[in-house]
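Structural features, examined
If you want the building blocks of each chain, they are given just below.
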Amino acid sequence: MNSDLFVDPKTRERAQRVIIEIVRQCSGQLLLPTIRLMKVFYYAHDCYEIRNRSRLTEWPIPRVPDVQSANLLIGLIRELIENDMIKEIQNVVYLSLEDTELEPLSDSERYAVNTAISLVTLRQTAPDTPDRS
């Protein structure tokens, strides 16, 4: 899927930076299948917006049953893998590569990502907790 058709380059680069930060913070700590990566991406946007009253990125946020936005985000993840910006191992774990040409996120952006990872991890490990996302 070519995400060039849907999103401008600056928006794509910013979304890539967020995904790379999610992967960087999760590496070695958490199995991160695509669906969980998408949940963290979603919650990072919510956390950032609540705290900063602005959007983390302008990337379309996948919400059930918004298949088009979900496919767009999956396409962006695949693009990062194809460009060797992140790795996929056994179709499950995404590992950050050390060198990236993308500018790092700000402290408040990293905080939103970290909070989102905590939310998804908590939902992953909490017994008898329905996943409503």
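Please read all numbers here as calculations on a predicted model, not as lab measurements.

1. A short note on the packing of aromatic side chains
Applying the stated criterion across every chain, the model contains 1 aromatic pair. Seen from the ring of Tyr111, Arg51 lies directly overhead, with NZ or CZ sitting 4.0 Å from the centre.

2. What to know about helix H1 (residues 9-26)
Spanning 18 residues, H1 covers 26 Å between terminal C-alpha atoms, matching the ideal 26 Å at 1.5 Å per step. Across the 18 residues that make up H1, a large majority, 13, are buried.

3. Quick notes on the confidence of the model for the protein
Residues at a pLDDT of 70 or more form 73% of the protein, whose mean pLDDT is 79. Mean pLDDT in the protein bottoms out at strand E2 (residues 93-96), which sits at 63, and peaks at helix H2 (residues 34-52), which reaches 91.

4. Remarks on the pattern of salt bridges
Following the criterion strictly, the structure yields 5 salt bridges and no others. For Glu109, the salt bridge goes to Arg17, with nearest N and O atoms at 3.9 Å. Here Glu109, found in helix H4 (residues 107-125), pairs with Arg17, found in helix H1; they are 92 residues apart in sequence, far enough to count as distant. In this structure, Glu109 and Arg17 share a single accessibility class: buried. Across the pair Asp107 and Arg110 runs a salt bridge whose closest N-O atoms are separated by 2.2 Å. Remark: Arg110 and Asp107 occur in helix H4; sequence separation between them is 3 residues, near one turn of the helix. Residue Arg110 is classed as partly exposed on the basis of its relative accessible area, which comes to 27%. Within this structure, Arg14, Arg17 and Glu109 form a network of salt bridges that share partners.

5. Notes on the side chain of Arg17
Accessibility expressed as a relative area gives 12% for Arg17, which makes it buried. Residues within four places of Arg17 in sequence aside, it is in contact with Leu102, Glu103, Pro104, Leu105 and Glu109.

6. So, the side chain of Thr57
Note that Thr57 resides in the loop between H2 and helix H3 (67-82). Within the structure, the side chain of Thr57 is placed 3.1 Å from the backbone nitrogen of Trp59, a separation counted as a polar contact. Leaving out residues up to four positions away in the same chain, Thr57 has contacts with Arg14, Ala15, Val18, Phe41 and His45.

7. Here we look at the packing of H1 against H3
Here H1 crosses H3 at 75°, and the two axes come no closer than 11 Å. Of the possible angle classes, the one that applies to H1 and H3 is roughly perpendicular. Between H1, through Arg12, Ala15, Gln16, Ile19 and Ile20, and H3, the contact on the second element is made entirely by Leu73, Leu76, Ile77, Glu79 and Leu80.

8. Some words on unusual backbone geometry
Unusually for a residue other than glycine, Arg53 sits at a positive phi of about 55°. In this fold, Arg53 is placed in the loop between H2 and H3. According to the relative accessible area criterion, Arg53 is exposed, its value standing at 76%. Of note in the backbone geometry, Asp84 takes a positive phi value of approximately 55° without being a glycine. Of note, Asp84 is situated in the loop between H3 and strand E1 (86-89).

Criteria and cut-off values
- All residue numbers refer to positions counted from 1 along the written sequence of the respective chain.
- Totals for whole chains, interfaces and linings use all residues, but because this is a predicted model, local features are given only for residues with pLDDT of at least 70 and pairs of side-chain atoms are given and counted only at 80 or more.
- For the side-chain quantities, the full set of heavy atoms in the structure was used; hydrogens and water were omitted.
- We call Phe, Tyr and Trp rings a pair once their centres come within 6.5 Å, taking the six-membered ring for Trp, and we label the pair stacked below 30 degrees between planes, edge-to-face above 60, and tilted otherwise.
- Two limits define a charge over a ring: the Lys NZ or Arg CZ must be within 6 Å of the ring centre, and within 35 degrees of the ring normal.
- Secondary structure elements follow DSSP: runs of H or I no shorter than four residues count as helices, runs of E no shorter than two count as strands, and numbering proceeds from the N terminus.
- How far a helix is expected to stretch is found by multiplying one less than its residue total by 1.5 Å.
- Relative accessible area decides the class of each residue, using a 1.4 Å probe on protein chains only: under 20% of the type maximum gives buried, over 50% gives exposed, and in between gives partly exposed.
- What pLDDT expresses is the predictor's confidence in each residue, scored from 0 to 100.
- Each reported salt bridge corresponds to a side-chain nitrogen of Lys or Arg within 4 Å of a carboxyl oxygen of Asp or Glu.
- Any two residues whose heavy atoms approach within 4.5 Å at even a single point are treated as in contact.
- Any pair of nitrogen or oxygen atoms within 3.5 Å is treated as a polar contact; in protein, a donor-acceptor pairing is required on top of that, and neighbouring residues in sequence qualify only through side-chain atoms on both sides.
- Note on method: axes are straight lines fitted to C-alpha atoms, helices fitted across the in-contact stretch only, with angles between N-to-C directions ranging 0 to 180 degrees.
- Roughly parallel refers to an angle under 35 degrees, roughly antiparallel to one over 145, roughly perpendicular to one between 65 and 115, and oblique to any angle outside these ranges.

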